[in-house]
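Remarks on the overall topology
Below, each chain spelled out in residue letters.
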Amino acid sequence: MDKFLYFTQPQCGVCHALLPKLSEFVAEHYPKMELEVIDCMAQPERAAQHNAFSVPLLLVFFEGKEFYRFFGAFSLGELAAQMQRPYQLRFED
């Protein structure tokens, strides 16, 4: 399971502003990974399971294990910097 989990909630303006950019970024740069969006209000058990206590929260999983946790107003540049090496090792070598 190689994926991104993006935790949001309906009242979060940052969450909703970042989602289209994040979706496009993931599709363009990490096509072999899935982006799953989780509404913390609709799925509180999933939020609790992943310790999603604030939003926006982006978790990155490689082979079913959490590798990175980005929260608050993180940048796509920060995400790219952290993802470059592990993504290459997993999919391009």
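Shown above is the structure to which this text applies.
Below: a short report on this structure. Within each chain, residues carry numbers counting from 1 in the order of the written sequence. Note on the predicted model: pLDDT of at least 70 is required for a residue's local features to be given, and 80 or more for side-chain atom pairs to be given and counted; whole-chain, interface and lining totals, by contrast, use all residues. Processing note: side-chain calculations cover all non-hydrogen atoms of the structure and skip hydrogens and water entirely.

When helices and strands are tallied, the protein shows three helices and four strands. Secondary structure elements are defined from DSSP: runs of H or I of at least 4 residues count as helices, runs of E of at least 2 residues count as strands, and each element is numbered from the N terminus. Secondary structure elements of the protein occur, N-terminal to C-terminal, as β-α-β-α-β-β-α. Radius of gyration: C-alpha atoms only; globule rule: 2.2 Å multiplied by the number of residues to the exponent 0.38. Taken against the 2.2 N^0.38 rule, which gives 12 Å for 93 residues, the C-alpha radius of gyration of the protein at 13 Å falls within 12% of a compact globule. The principal-axis extents of the C-alpha atoms in the protein amount to approximately 40 × 25 × 15 Å. Only protein chains enter the calculation, and the probe is 1.4 Å; a residue is then buried if its accessible area is under 20% of its type maximum, exposed if over 50%, and partly exposed in between. Counting the 93 residues in the protein, one finds 38% classified as buried.

With that settled, consider the pairing of strand β3 (residues 57-62). Every other side chain in a regular strand lies on the same face of the sheet, so the side chains alternate between the two faces. When you tally the buried positions in β3, you get six out of six residues, the bulk of the element. In short, DSSP must find at least two bridges between two strands for them to pair. One ladder, built from five bridges, connects strand β1 (residues 3-8) with β3; its direction is antiparallel. Opposite Y6, over in β3, you have L58 as the bridge partner. The sheet contact formed by β3 and strand β4 (residues 65-71) spans six bridges and is antiparallel. Residue F61 lies in a different strand from β4, and its bridge partner there is E66.

On their own, these measurements won't tell you what the molecule is for.
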